[in-house]
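Results of the structural survey
Given next are the chains, with one letter for each unit.
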Amino acid sequence: GPNMAGKSTVMRQVALIVLMAQIGSFVPAASAHIGVVDRIFTRVGASDNLAQGLSTFMVEMTEAAEILREASRRSLIILDEIGRGTSTYDGVSIAWAVAEHLHDEVGARTLFATHYHELTELSATREGVVNLAVAVKHFNDEIVFLRQLIPGGTSRSYGIQVARLAGVPNEVIGRARAILKTLEATAVGR
């Protein structure tokens, strides 16, 4: 899904609702069939542990490795980005392999947010994989995040628009757009 559209919020809400249901608490839904969950695993956010010699990417991989080793079919797994701390091809390869392993070997209920649009192809080869995206409305080169999940994937991340919203200077935004067009044209020509 797109940057800043609410993916992480939705995923955290699911984890909290599942936890509330497990303890017999009220769940904010007309009805819910959740089932027993033995553990909730999360890989969310970027942090390092430089005091112990762990880069942000190493922390991400350590957390992912623990999830892959410890999760069971009854677990809930929340993965908010895998593979972002390395090169694009390494990152998408790691993310793809992690997603396949979780589906094929672990079998846990998993929410997997990613900007690697290629991963949406897994729904064509893996039964039970469903793609959802957060809806975005385009209006005069502006975007509005609708905070609504819709079926399907997305082909854009809107990172440049988010950088503009954050206050990155217009000349940098303009240059980023030009570079993006060049990169997309090169990728299409491959």
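Remember, it's a predicted structure, so these values are computed and weren't measured experimentally. (Residues numbered from 1 in each chain as written. Predicted model: local features only at pLDDT ≥ 70, side-chain atom pairs only at ≥ 80, totals over all residues. Heavy atoms only, no water.)

So, the layout of surface pockets
Just so we agree on the cut-off: Both site types are read off a 1 Å grid over the protein atoms alone. A 1.4 Å probe that fits but cannot get out defines a cavity, while an open set with protein on both sides within 12 Å along at least five of seven lines defines a pocket; lining residues have an atom within 4 Å of a point. Grid points are joined across faces, edges and corners, and a volume is the space filled by probe spheres set on the points. The numbering of helices and of strands both runs from the N terminus, where a helix is a DSSP run of H or I of at least 4 residues and a strand a run of E of at least 2.
Taken as a whole, the largest pocket encloses approximately 1,200 Å³ of empty space. His 117, Ser 157, Leu 180, Leu 183 and Glu 184 are, among the 26 residues lining the largest pocket, the residues nearest its centre. Secondary-structure elements contributing two or more residues to the lining of the largest pocket are α3 (88-106), α5 (159-166) and α6 (170-188). For the lining of the largest pocket, the element with the most residues is α6, which contributes seven residues.

Observations regarding the pattern of salt bridges
Cut-off, in case you're wondering: When a carboxyl oxygen of Asp or Glu lies within 4 Å of a side-chain nitrogen of Lys or Arg, that pair is called a salt bridge.
Summed over all chains, the structure comprises five salt bridges. Salt-bridge contacts for Glu 70 lead to Arg 39; the nearest nitrogen and oxygen are separated by 3.8 Å. One end of the pair, Glu 70, is in helix α2 (residues 56-70); the other, Arg 39, is in the loop between α1 (7-22) and β1 (40-43), and 31 residues separate them in sequence. Glu 81 serves as the salt-bridge partner of Arg 84, at 3.2 Å between the closest nitrogen and oxygen.

Some details on the confidence of the model for the chain
Condition: Confidence scores here are pLDDT values: one per residue, from the predictor, ranging 0 to 100.
In the predicted model, the chain carries a mean pLDDT of 88, and 96% of its residues have values of at least 70. Averaged pLDDT values over the elements of the chain bottom out at 83 in strand β5 (residues 142-151) and peak at 95 in strand β2 (residues 76-80).

Some details on unusual backbone geometry
Condition: Per-residue accessibility, obtained with a 1.4 Å probe over protein chains only, is compared with the maximum for each type, and a residue is labelled buried under 20%, exposed over 50%, and partly exposed between these values.
A positive phi angle, close to 80°, is found at Glu 81, a residue other than glycine. Mapping Glu 81 onto the fold places it in the loop between β2 and α3. Relative accessible area serves as the criterion here: at 10%, Glu 81 is assigned to the buried category. Phi at Arg 147 is positive, roughly 55°, even though this residue is not glycine. A residue is classified by how much of its surface remains accessible, and Arg 147, at 57% relative accessible area, is exposed.

What about the sheet that holds β1?
Where we set the bar: Between any two strands, pairing holds if DSSP finds at least two bridges. As a rule, the C-alpha atoms of each element are fitted with a line to give its axis, helices using only the stretch in contact, and angles between N-to-C directions run from 0 to 180 degrees. Whether two residues are in contact is decided by their heavy atoms: any pair within 4.5 Å suffices.
Taken in spatial order, the three strands of this open sheet run β1-β2-β3, and their pairing is parallel. Looking at which strands have only one partner, the edges of the open sheet turn out to be β1 and β3 (109-113). Within the sheet, the average angular offset between the axes of one strand and its neighbour, ignoring direction, is 5°. Bridging between β2 and β3 involves five bridges; their strand directions are parallel. Directly across from Ile 77, in β3, lies its bridge partner Thr 110. Contacts from α1 reach β1, β2 and β3, with the element oriented near 165° to β2.

Remarks on the packing of α2 against α3
Helix-helix packing is described using two parameters, namely the angle between the two axes and the distance between the axes. Put simply, the rule reads: Angles below 35 degrees are treated as roughly parallel, those above 145 as roughly antiparallel, those between 65 and 115 as roughly perpendicular, and all remaining angles as oblique. Crossings are classed by handedness, with left-handed meaning an anticlockwise turn of the near helix from the far one by less than a right angle and right-handed meaning a clockwise turn.
Running from amino to carboxyl end, α2 crosses α3 at an angle of 15°, the nearest separation of the two axes being 11 Å. In terms of their interaxial angle, α2 and α3 are classed as roughly parallel. Of the two possible hands of crossing, α2 and α3 adopt the one that is left-handed. Across the interface between the two elements, Phe 57, Met 61 and Leu 68 of α2 pack against Ile 94, Val 98, His 101, Leu 102 and Val 106 of α3.

Describing the environment of Ser 155
Here Ser 155 is to be found in the loop between β5 and α5. Sequence-wise, Ser 155 and His 115 are 40 residues apart; in three dimensions their C-alpha atoms are separated by 8.8 Å.

Observations concerning the side chain of Arg 126
Position of Arg 126 relative to the elements: it lies in the loop between α4 (122-125) and β4 (132-139). Those residues in contact with Arg 126 that sit more than four places away from it in its chain are Glu 100, His 103 and Asp 104.

Comments concerning the pairing of β2
Using the following cut-off: Seen with its strands pointing away from the viewer, a crossover is right-handed when the path leading from the first strand over the helix to the second is clockwise.
Taking burial as the measure, the five residues of β2 include five buried ones, the bulk of the element. Taking every second residue as pointing to the same face, both faces of β2 are buried, with Leu 76, Ile 78 and Asp 80 on one and Ile 77 and Leu 79 on the other. Relative to β2, β1 is paired through four bridges, and the arrangement is parallel. For Phe 41, the partnering residue across the bridge sits in β2 and is Ile 77. What joins β1 to β2 is α2, and the crossover it makes is right-handed. Viewed along the sheet, the connection from β2 through α3 into β3 turns out right-handed.

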